[in-house]
Amino acid sequence: MILELDCGNSFIKWRLLGADVRSVVAEGIVDSDLALLESLKQVNGLALKHCRLVSVRTGEETSALICLLTDAFGVSVMCAVSAREMSGVRNGYDDYERLGLDRWLAMLGGFHLASGACLVLDFGTAVTADFIASDGEHLGGFICPGMPLMRNQLRTHTRRIRYGDLAAERALESLVPGRTTVEAVERGCSLMLQGFVLTQLQLARSYWGEGFTVFLTGGDADLVAGIVPDARVVPDLVFVGLAMACPLP
């Protein structure tokens, strides 16, 4: 089995691949290193042969997780690293090592799947947009707060905004003007995301006309899928790039 990890700022997304690399045996999302270990230990017949991961956490946090995995399962861990160029994609940052590894891998995966120009939109704790031309040149991108950050900022700085996750989910069943605080906040934030996406599409068309592929990934991609009907929704786009950055021996 192959363990793949996407270690974000808030959560760790994991999945186990079978021996043929194409079948997903188990997967999940956890909020801590220990929760990851517990989830893995509950998998029947767990037999790890390889592990590869991408992390946007600090070096100390990433090293601690690697030690836990090595001690618990006796497996060596491959970590994705930054590169100026890989798999035909050229990093567009002036200091290429400053580009987030999750964005870099999503770009590798998107360009590989599109075989041409693409716009990669990732909806997680933060929302990112990256533009990759048909020759593999990364033209740059944008970062803005995602739904969790927008929601939490309003809850933190506005005393009267208090509601739970279930109420938030129900509020997003419609986008008509809200008649309660939860509806107003959730729908307002969702519309901000949609406005961001429409702006990215407009910019992409100014570059490439209609000759590009749009990829949607990340936990909140479904909030904007309806306004980009031709987009390819690829929840595991980072893992596509991870396999390219960390090929198995």
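Scope of this entry: the structure provided in the associated data block.

About the criteria used
Residues numbered from 1 in each chain as written. Predicted model: local features only at pLDDT ≥ 70, side-chain atom pairs only at ≥ 80, totals over all residues. Heavy atoms only, no water. Pairing = 2+ DSSP bridges. Helix = DSSP H or I, 4+ residues; strand = E, 2+ residues; numbered from the N terminus. Axes fitted to C-alpha atoms, helices over the stretch in contact; angles between N-to-C directions. Parallel < 35°, antiparallel > 145°, perpendicular 65-115°, else oblique. Left-handed = near helix turned anticlockwise from the far one by under 90°. Contact = heavy atoms within 4.5 Å. Buried < 20%, exposed > 50% of the residue type's maximum accessible area, 1.4 Å probe, protein only.

1. Considerations on the sheet that holds strand β1 (residues 2-7)
- Pairing is mixed across the open sheet formed by 5 strands, whose spatial order is β3-β2-β1-β4-β5. Edge positions in the open sheet fall to β3 (24-30) and β5 (77-79), since each of these has one partner strand only. Averaged over all pairs of adjacent strands, the angle between strand axes in this sheet comes to 15°, irrespective of strand direction.
- With 6 bridges connecting them, β1 and strand β4 (residues 50-55) associate as parallel partners. Across the sheet, Ile2 pairs through a bridge with His50, a residue of β4.

2. Considerations on the packing of helix α1 (residues 33-41) against helix α2 (residues 59-73)
- Interaxial distance between α1 and α2 falls to 10 Å at its minimum, and their mutual angle equals 25°. Relative to α2, the element α1 is oriented roughly parallel. Once α1 is placed against α2, the crossing between them reads as right-handed. Side by side, α1 and α2 meet where Asp33, Leu36, Leu37, Leu40 and Lys41 of the first sit next to Glu61, Leu65, Leu68, Leu69, Ala72 and Phe73 of the second.

3. Some points on the side chain of Arg187
- By secondary structure assignment, the location of Arg187 is in helix α6 (residues 181-208).
- Overall, the relative accessible area of 8% leaves Arg187 in the buried class.
- Residue contacts for Arg187: discarding those within four places in its chain leaves Ala171, Leu172, Ser174, Leu175, Val176, Pro177 and Gly178.

Purely spatial values, then, with no claim about function.
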